[in-house]
Amino acid sequence: MADDFPGDPLVRFYEDEAGDMTEPPEGEQRRLALQNILDAWDETLGEGVSPDILASTAIFAALSDMVEAYGEEAVAEMTDGLSDRIRSGEFTLNRVVN
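A brief report on the enclosed structure follows.

Parameters and conventions
Residues numbered from 1 in each chain as written. Predicted model: local features only at pLDDT ≥ 70, side-chain atom pairs only at ≥ 80, totals over all residues. Heavy atoms only, no water. Helix = DSSP H or I, 4+ residues; strand = E, 2+ residues; numbered from the N terminus. Contact = heavy atoms within 4.5 Å. Areas by Shrake-Rupley, 256 points an atom, 1.4 Å probe, with all protein chains shown as cover. Expected span 1.5 Å × (residues − 1). Salt bridge = Lys/Arg side-chain N within 4 Å of Asp/Glu carboxyl O. Buried < 20%, exposed > 50% of the residue type's maximum accessible area, 1.4 Å probe, protein only. Patch = residues over 30% accessible without salt bridge, like charges linked within 9 Å, V, L, I, M, F, W, Y side chains within 5 Å. Lys, Arg positive; Asp, Glu negative; His and termini not counted. Charge placed at Lys NZ, Arg CZ, Asp CG, Glu CD. 1 Å grid on protein atoms, 1.4 Å probe; cavity = no way out; pocket = protein on both sides within 12 Å on 5 of 7 lines; lining within 4 Å. Points joined across faces, edges and corners; volume = space filled by probe spheres on them. Nonpolar A, V, L, I, M, F, W, Y, C, P; charged D, E, K, R; others polar.

**With respect to the overall build of the protein**
Thinking step 1. If you tally the helices and strands in the protein, you get five helices and zero strands.
Thinking step 2. Tracing the protein from N to C terminus, the helices and strands come up as α-α-α-α-α.
Thinking step 3. Here the contacts in the protein between residues at least 6 apart in sequence split such that 0% fall between residues at least 24 apart.
Thinking step 4. If you sum the accessible surface of the protein, you get close to 8,300 Å²; carbon and sulfur atoms cover 55% of it.

Dropping the structure here:
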């Protein structure tokens, strides 16, 4: 796999000391996942999809995948606390503090 992209710094990051491909650390996986999602988000908006439709579709896709992986009850329990987290500003990127 590394031979497919010689010199690619991200591919080299995934090689261990023996040259075998390894899973990146969780923090790096999160960074890569967010960057890929934001890139796809921008591309989709550029194709004319409204932000409201894109957001609700993304939430649906995420919850559907989580239900498939963890089951309905586990995801329901996880989402129970979302309203408090939203109200406390955890998901507000450009928050104005008075």
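There's more to say after this.
**A closer look at helix α2 (residues 26–46)**
Thinking step 1. Over its 21 residues, α2 extends 30 Å from the first C-alpha to the last, a length consistent with the 30 Å expected when each residue adds 1.5 Å.
Thinking step 2. Remark: G48 follows α2 within two positions and exhibits a positive phi of approximately 100°.

**Considering the pattern of salt bridges**
Thinking step 1. Going through the model one piece at a time under the given rule, you end up with three salt bridges.
Thinking step 2. As a salt-bridge pair, R30 and E26 come within 2.6 Å of each other at their nearest N and O atoms. Here R30 and its partner E26 are both found in helix α2, four residues apart, which amounts to about one turn of the helix.
Thinking step 3. Judged by its relative accessible area of 57%, R30 is exposed.
Thinking step 4. A salt bridge links R31 to E28, with the shortest nitrogen-to-oxygen separation between them at 2.8 Å.

**Quick notes on a negative patch on the surface**
Thinking step 1. Among the surface-exposed residues, D39, D42, E43 and E47 lie close enough to one another that they form a single negatively charged patch.
Thinking step 2. Of note, E47 is situated in the loop between α2 and α3 (51–70).

**Some remarks on the layout of surface pockets**
The gaps of empty space that remain are located by a probe, the size of a water molecule, rolled over the atoms.
Thinking step 1. Considered as a void within the structure, the largest pocket measures approximately 940 Å³ in volume.
Thinking step 2. For the largest pocket, the lining is made up of 19 residues, of which L34, I37, I59, A62 and F91 are closest to its centre.
Thinking step 3. The biggest single contributor to the lining of the largest pocket is α2, with seven residues.
Thinking step 4. Residues that form the lining of the largest pocket fall into these classes: 15 nonpolar, two polar and two charged.

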